[in-house]
Each structure stands twice: as structure tokens, then as C-alpha cells.
Amino acid sequence: MAGKLCIGEHANNIGAGHISASKAYCEGMAYRASGTALAKPVQDNPHQTTSEDWRAWNFGWSKADGNAGGSISQTDLGCCAAVPPVLV
């Protein structure tokens, strides 16, 4: 949803410090939704390993992967804009 932040896991303070992680979460989701898991593997995460952005990108990728073969519901999208349906 526009104006909201989400990072794929509960955070006590989801303020401005999490803007990049929220963006990473949505990018990970969109990346996985843009092709198959073989073509768009989680190992392609562009963020520094173990960083908050890296974790959020992985959460987004995993959320889309869990919806493989169908559309991602608004509940699963969280704060992200609609992404294309997940392919196989």
C-alpha cells in the first residue's frame, strides 16, 4: 500500500531507517515474480550479505516464491505495488 513500509518481518520501529529495506523487500518480490525460480534465483540478491536490506530482499523473494503458479494476493503484497503473477 502506498505510503506504508514493510520489510517482511516484524519490526518495532518501521520508520525512516527502514525505507531502503522496504524497497529491497518489494524488489525481491518483483524479481522472483518476473520469472521462474531457476531463472530468477534467490542467490541473485544484490545486497550485502546479512544486511537488513539483504534479509528484506530475501523475504520478498520468498513471499513471491510461495505464491508460485498464481497471483500474489494483496495481503501477501503488503506495502508493495502489484507485481506480475508469479510464473512456475
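Residues numbered from 1 in each chain as written. Predicted model: local features only at pLDDT ≥ 70, side-chain atom pairs only at ≥ 80, totals over all residues. Heavy atoms only, no water.

### A closer look at the overall build of the protein chain
- Counting its secondary structure elements, the protein chain contains three helices and zero strands.
- Looking at the protein chain as a whole, 33% of its 88 residues are labelled buried.
- The contacts in the protein chain between residues at least 6 apart in sequence include a share of 58% that link residues at least 24 apart.
- With the model as given, the accessible surface of the protein chain reaches about 5100 Å², and the carbon-plus-sulfur share is 58%. (Helix = DSSP H or I, 4+ residues; strand = E, 2+ residues; numbered from the N terminus. Buried < 20%, exposed > 50% of the residue type's maximum accessible area, 1.4 Å probe, protein only. Contact = heavy atoms within 4.5 Å. Areas by Shrake-Rupley, 256 points an atom, 1.4 Å probe, with all protein chains shown as cover.)

### Section: the packing of aromatic side chains
- Using the criterion set out here, one finds one aromatic pair in the structure.
- Centroid distance Y31 to W57: 5.5 Å. Interplanar angle 45 degrees. Geometry classified as tilted. With a gap of 26 residues between them, Y31 in helix α1 (residues 19–33) and W57 in helix α2 (residues 52–65) connect regions that are remote in the sequence.
- What makes Y31 partly exposed here is its relative accessible area of 23%.
- Above the face of the W61 ring, R32 is positioned so that its terminal group lies 5.9 Å from the ring centre. (Phe/Tyr/Trp six-rings, centres within 6.5 Å; stacked < 30°, edge-to-face > 60°. Lys NZ or Arg CZ within 6 Å of the ring centre and 35° of its normal.)

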